[in-house]
Structures are given as C-alpha cells and as structure tokens.
Amino acid sequence: MVKKAEKDGQFDFLPGKGKPLKLEQEYLANSGEKQLYKTMKDNHVLPNWVKLSKEIEQLKEEIKHVQGSQRRRKLKEINKKIKDYNYACPTSLQKNKMVE
C-alpha cells in the first residue's frame, strides 16, 4: 500500500519525504554549513531562512501597487522579516533593508 501511495504522489508534500527541493543558489559558506544545507536539501527539509526569503520577495512584489500609510506598514514588515532573515541565513547571503 505504501509503495502504491508513493507512486501516486500522495507523499510529495510531507516534510522529510517527497520531491527534492530546488534551492535558489548553491550555498557556499564554510564547509560545515555547506554540508548541513546539503543534508537538509537531501532530506527535503526547507530551512527557515529560505521560507523567509520567499516571503520577502512576495512582499516586495505587493509593495509596488500600494501607496501611503499601507506602503509604510509593508516596508516596516519587510524590514522586520529581513532582520529575521539576516539572523538565520549565512553571512554571504544577507540582504539590505529597504528604504522608502
């Protein structure tokens, strides 16, 4: 039953199982971090900072169509996510905060 379910793709979106992740770049930090990210990728576990990066990019797209106080709130939210992202990711991949 399990083999049949795997063939049907019922396990594709479970953490630790499923389709291989496609990360944005090769993360060439020090060798220990590189091995950690390779292991996480092989085990289909998405690090928190990769999720934050995708959320930041989505918010950057939304901000193009917003004006006024909503724009300032979105910028504040983006900068907060960038700060969290910078604490979690390797130093070579850190992002700069946005200014109006």
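Here the structure is a predicted model, which is why all the values come from computation and not from measurement. (Residues numbered from 1 in each chain as written. Predicted model: local features only at pLDDT ≥ 70, side-chain atom pairs only at ≥ 80, totals over all residues. Heavy atoms only, no water.)

Draft legend 1. A look at helix 3 (residues 48–63). Under the 1.5 Å per step criterion, the end-to-end length of helix 3 is 23 Å for 16 residues, consistent within 8% with the ideal 22 Å. Within helix 3, burial applies to Trp-49, Val-50, Leu-52, Ser-53, Ile-56, Leu-59 and Ile-63. (Helix = DSSP H or I, 4+ residues; strand = E, 2+ residues; numbered from the N terminus. Expected span 1.5 Å × (residues − 1). Buried < 20%, exposed > 50% of the residue type's maximum accessible area, 1.4 Å probe, protein only.)

Draft legend 2. Main features of the confidence of the model for the chain. For the chain, the mean per-residue pLDDT works out to 77, and 78% of the residues sit at or above 70. Per-element confidence in the chain is highest for helix 4 (residues 68–88), whose mean pLDDT is 90, and lowest for helix 2 (residues 31–42), whose mean pLDDT is 70. (pLDDT = per-residue confidence, 0-100.)

Draft legend 3. Here's a closer look at the side chain of Asn-86. Tracing the backbone through its elements, the reader meets Asn-86 in helix 4. Filtering out sequence-adjacent residues up to four positions away, Asn-86 remains in contact with Gln-94 and Lys-95. (Contact = heavy atoms within 4.5 Å.)

Draft legend 4. Here's a closer look at the nonpolar core. Counting 14 residues, the largest nonpolar core has Trp-49, Ile-56, Ile-78, Tyr-85, Cys-89 and Leu-93 as the members making the most contacts within it. Put simply, the parts of the chain that give this core at least two residues each are helix 2, helix 3 and helix 4. Take this core: its biggest share by element is six residues, from helix 3. (Core = buried A, V, L, I, M, F, W, Y, C linked by side-chain atoms within 4.5 Å.)

Draft legend 5. Molecular detail of the packing of helix 3 against helix 4. The N-to-C vectors of helix 3 and helix 4 enclose an angle of 160°; their axes lie 9 Å apart at closest approach. As far as their axial angle goes, helix 4 and helix 3 are roughly antiparallel. Helix 3 and helix 4 meet at a crossing whose hand is left-handed. Along the contact surface, helix 3 presents Trp-49, Leu-52, Ser-53, Glu-55, Ile-56, Leu-59, Lys-60, Glu-62 and Ile-63, while helix 4 presents Arg-71, Lys-74, Leu-75, Glu-77, Ile-78, Lys-81, Ile-82, Asp-84, Tyr-85 and Ala-88. A per-class count over the contact of helix 3 with helix 4 returns ten nonpolar, one polar and eight charged. (Axes fitted to C-alpha atoms, helices over the stretch in contact; angles between N-to-C directions. Parallel < 35°, antiparallel > 145°, perpendicular 65-115°, else oblique. Left-handed = near helix turned anticlockwise from the far one by under 90°. Nonpolar A, V, L, I, M, F, W, Y, C, P; charged D, E, K, R; others polar.)

Draft legend 6. Just the pattern of salt bridges, in detail. Tallying each qualifying case throughout the model produces five salt bridges. Between Lys-81 and Glu-55 there is a salt bridge; the shortest N-O distance is 2.6 Å. With Lys-81 in helix 4 and Glu-55 in helix 3, this pair connects stretches of sequence that are 26 residues apart. (Salt bridge = Lys/Arg side-chain N within 4 Å of Asp/Glu carboxyl O.)

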